[in-house]
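Residues per chain are reported as follows:
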Amino acid sequence: MSDFETQDTEETVTCLQITVYHPNQGEKPVFNALSFCHEQQLRADDIVKFGRDPNICRFHFVDSRVSRVQFCLQFFRHFNSSEFGFEIKNLSKKGKLSVDGVELAYLNKVNLPDKCKVCFGEYQMQLQKQEGQCEDFFNICFELARTPLLQENNLFLKKPVCESGSSYAQFPTEMDDNE
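Residues numbered from 1 in each chain as written. Predicted model: local features only at pLDDT ≥ 70, side-chain atom pairs only at ≥ 80, totals over all residues. Heavy atoms only, no water.

(A) Broad picture of the sheet that holds strand β5 (residues 71-77). Pairing is mixed in the open sheet, where five strands are placed in the order β4-β3-β5-β6-β9. The outermost strands of the open sheet, each flanked by one partner alone, are β4 (59-60) and β9 (109-111). Two elements, strand β3 (residues 47-51) and β4, share two bridges in a ladder whose sense is parallel. Each residue of the ladder has a partner; that of Gly51, found in β4, is His60. (Pairing = 2+ DSSP bridges. Helix = DSSP H or I, 4+ residues; strand = E, 2+ residues; numbered from the N terminus.)

(B) Representation of the nonpolar core. Of all hydrophobic cores here, the largest spans 32 residues; its most connected members are Ile18, Phe50 and Ile140. Broken down by secondary-structure element, the contributors of at least two residues to this core are β1 (14-21), β3, β5, β6 (84-90), β7 (97-99), β10 (115-120), β11 (123-130) and β12 (137-144). Residues in contact with Ile18, not counting those within four places in the same chain, are Phe50, Leu73, Met125, Gln126, Leu127, Ile140, Cys141, Phe142 and Glu143. (Core = buried A, V, L, I, M, F, W, Y, C linked by side-chain atoms within 4.5 Å. Buried < 20%, exposed > 50% of the residue type's maximum accessible area, 1.4 Å probe, protein only. Contact = heavy atoms within 4.5 Å.)

(C) Fine view of the sheet that holds strand β8 (residues 102-104). Ordered by their spatial adjacency, seven strands build an open sheet running β2-β12-β1-β11-β10-β7-β8, and the pairing between neighbours is mixed. At either margin of the open sheet sits one strand with a lone partner, and together these are β2 (40-43) and β8. The mean inter-strand angle of the sheet, taken between neighbouring strand axes irrespective of direction, is 25°. With three bridges joining them, β7 and β8 adopt antiparallel strand pairing. Bridge pairing in β8 places Val99 opposite Val102. (Axes fitted to C-alpha atoms, helices over the stretch in contact; angles between N-to-C directions.)

(D) Geometry of unusual backbone geometry. Unlike most non-glycine residues, Cys37 shows phi in positive territory, near 55°. When its relative accessible area of 65% is taken as the criterion, Cys37 is described as exposed. Positioned with a positive phi, Asp100 is a non-glycine residue whose angle comes to about 50°. By the secondary structure assignment, Asp100 is in the loop between β7 and β8. When its relative accessible area of 44% is taken as the criterion, Asp100 is described as partly exposed.

Have a look at this one:
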């Protein structure tokens, strides 16, 4: 037998890629406390808090408008599955947190899809999970976006306007081509 055949296989670690954006990131050091393009390993049982307070939060933002503790992430294994996931919980009493446009009030939580957009205040984040098999650890890696992450979604937030200039009716009406 060769060394290759007897060598232990290396477990891959689930990684959550977090791309962050703030409209004033060029003028203000809001992300100075984050380490970019470097995977940070965390224990599977850690509850990872994000917010303004560096004494409480693992990842903090240098911005007085962010809550002391804004939200948390928790790693988990899906029931009756070998697949891992993350849940997010809003820990801010003052601010709403949205996940793919769904607003979470204080203490509301949801399971994160494999790829989603998370927003609070003027902050925009894209979270994307890369699946792994390790059940003891997971990684988080931050990247900085140079352009808004929701730019393409803003098109859907506006009311559609007909060629005539008036808004669409709530229910579409059928028209004959000759009308």
